[in-house]
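Next come the chains, spelled out residue by residue.
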Amino acid sequence: MSRYLSNRGETQAQKVRFDEGTIPEEDEVGGTLKLRPSESNVTEDQEPFMGVKVRRKASIHRDYLGDYVNVPSRPYLMKILEKQGDKKVLFADTVLKFTSTGKMKRRILLVTDFAIYIVDPENGALKRRIALAAVEKLYLSELSDNFFAIIIPTEYDLLMASTRKTEIVTILVDATKSQSDYELDVLFSNRFEYNATSELVKEVQFEQVEAGVKTRISRK
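Rules of the game
Residues numbered from 1 in each chain as written. Predicted model: local features only at pLDDT ≥ 70, side-chain atom pairs only at ≥ 80, totals over all residues. Heavy atoms only, no water. Helix = DSSP H or I, 4+ residues; strand = E, 2+ residues; numbered from the N terminus. Areas by Shrake-Rupley, 256 points an atom, 1.4 Å probe, with all protein chains shown as cover. Salt bridge = Lys/Arg side-chain N within 4 Å of Asp/Glu carboxyl O. Buried < 20%, exposed > 50% of the residue type's maximum accessible area, 1.4 Å probe, protein only. Polar contact = N/O pair within 3.5 Å; in protein donor to acceptor, adjacent residues only side chain to side chain. Pairing = 2+ DSSP bridges. 1 Å grid on protein atoms, 1.4 Å probe; cavity = no way out; pocket = protein on both sides within 12 Å on 5 of 7 lines; lining within 4 Å. Points joined across faces, edges and corners; volume = space filled by probe spheres on them. Nonpolar A, V, L, I, M, F, W, Y, C, P; charged D, E, K, R; others polar. pLDDT = per-residue confidence, 0-100. Contact = heavy atoms within 4.5 Å.

> Whenever I open this one, the overall build of the chain confuses me. Can you help?
Of regular secondary structure, the chain possesses two helices and 13 strands. Approximately 11,100 Å² of the chain is accessible, and the part contributed by carbon and sulfur atoms is 48%.

Given below as structure tokens:
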């Protein structure tokens with residue numbers, strides 16, 4: 001079983017089972033920008049994502065479909081995969097990626113059985129390819145929000161947001177386990193750091209408030 005740890009303050013990390021019962025379902029985010037569980041789950045609004053993420057009134061179970069952008073119907077995605085020799089797509093969807101300057105970019109996140117791809121949906125350009133073997137761990141908060149961080153020690157890390165966060169994490173853990181002799185750590189903490197660039201460290205803080213979850217991203 002994968003190791004799912006909680007780093008809350010100075011308390012000792014605890015192992016927990018990773019399933020829909022231990023990770024809150026993803027929620028719509030508040031403010032003027034909302035992530036919605038649809039085939040195009042990101043609006044065009046690029047306002048800074050520092051507001052309050054409002055919880056849904058009811059938790060809705062969603063079956064995992066994997067490919068939410070219909071990869072075979074997008075020649076530029078097929079061309080990227082063919083060039084890299086990847087054939088099996090485990091997950092594909094539009095997400096929000098946070099840049100080193102704090103801006104949000106709409107990106108297509110592809111996960112195959114060998115790598116993670118970040119693709120610009122506007123021009124079809126491959127922005128980044130990360131081998132699954134290079135991923136060390138994943139960070140999530142202990143609250144109901146859409147954020148997750150992918151930690152890559154040999155490169156800079158990824159901070160993203162998606163309404164399908166649980167599905168993405170599950171697929172990354174399973175894919176890594178099937179292709180290697182180690183299991184990804186999934187750590188839960190309401191405060192964690194990530195390398196936005198090779199020289200820039202940022203901290204993400206989550207706070208439960210009356211309307212939902214307040215998120216702050218700051219330089220270290």
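Additional details are given in the paragraphs that follow.
> When you look at the pattern of salt bridges in this model, what are you seeing that I'm missing?
One side chain can pair with another of opposite charge once the charged atoms of both are near each other. Applying the stated criterion across every chain, the model contains nine salt bridges. With a closest N to O distance of 2.8 Å, R164 and D93 form a salt bridge. Of this pair, R164 sits in the loop between strand 9 (158-161) and helix 2 (165-179) while D93 sits in strand 3 (residues 89-98), placing them 71 residues apart in sequence. Residue D93 is classed as buried on the basis of its relative accessible area, which comes to 0%.

> Quick question: what am I supposed to make of the side chain of R106 here?
As for its position among the elements, R106 is in strand 4 (residues 104-112). The class for R106 is buried, based on a relative accessible area of 15%. Here the side chain of R106 touches E122 through a polar contact of 3.4 Å, side chain to side chain.

> Looking at this structure, how should I read the pairing of strand 11 (residues 191-195)?
The two faces of a sheet get side chains in turn, since along a regular strand they alternate between them. Of the two faces of strand 11, only one is covered, namely that formed by F192 and Y194; the face formed by R191, E193 and N195 stays uncovered. Relative to strand 12 (residues 201-209), strand 11 runs antiparallel, the two sharing five bridges. Note on strand 12: the bridge partner recorded for F192 is V204. Counting the residues in the hairpin turn of strand 11 and strand 12 gives five residues.

> Could you clarify how one ought to interpret the layout of surface pockets in this entry?
Empty pockets left among the atoms are what a rolling probe the size of a water molecule brings to light. By volume, the largest pocket amounts to about 210 Å³. Lining the largest pocket are 15 residues, and of these K97, F98, T99, S100 and Y156 lie nearest its centre. Among the elements of the structure, strand 3, strand 4, strand 6 (126-131) and strand 9 are those that each provide at least two residues to the lining of the largest pocket. In terms of residue class, the lining of the largest pocket is built from seven nonpolar, two polar and six charged.

> Would you mind going over the confidence of the model for the chain with me for this structure?
Predicted coordinates in areas of low pLDDT are best not read in detail. Looking at the chain, the pLDDT average stands at 78 and 71% of residues meet or exceed 70. When pLDDT is averaged over each element of the chain, strand 5 (residues 115-119) comes out on top at 98 and strand 2 (residues 52-54) at the bottom at 38. In the model, residues 6-61 has pLDDT below 50 throughout and makes 146 contacts with residues more than four positions away in sequence or in other chains.

> How do you make sense of the environment of K165 when you look at a structure like this?
You can see K165 is positioned in helix 2. Residue K165 is classed as buried on the basis of its relative accessible area, which comes to 1%. Considered as a pair, K165 and L140 are 25 residues apart in the sequence and their alpha carbons are 9.1 Å apart.

> Just to check I follow, could you spell out the environment of R219 for this structure?
Residue placement: R219 occurs in strand 13 (residues 212-219). The exposure class of R219 is exposed, given its relative accessible area of 62%. Note: C-alpha distance between R219 and L200 (19 residues apart in sequence) is 7.5 Å. Leaving out residues up to four positions away in the same chain, R219 has contacts with L200, V201 and K202.

> Explain unusual backbone geometry to me, please; I cannot follow it from the model alone.
For N70, which is not a glycine, the phi torsion comes out positive at approximately 55°. Among the secondary structure elements, N70 is positioned in the loop between strand 2 and helix 1 (75-84). Judged by its relative accessible area of 43%, N70 is partly exposed.

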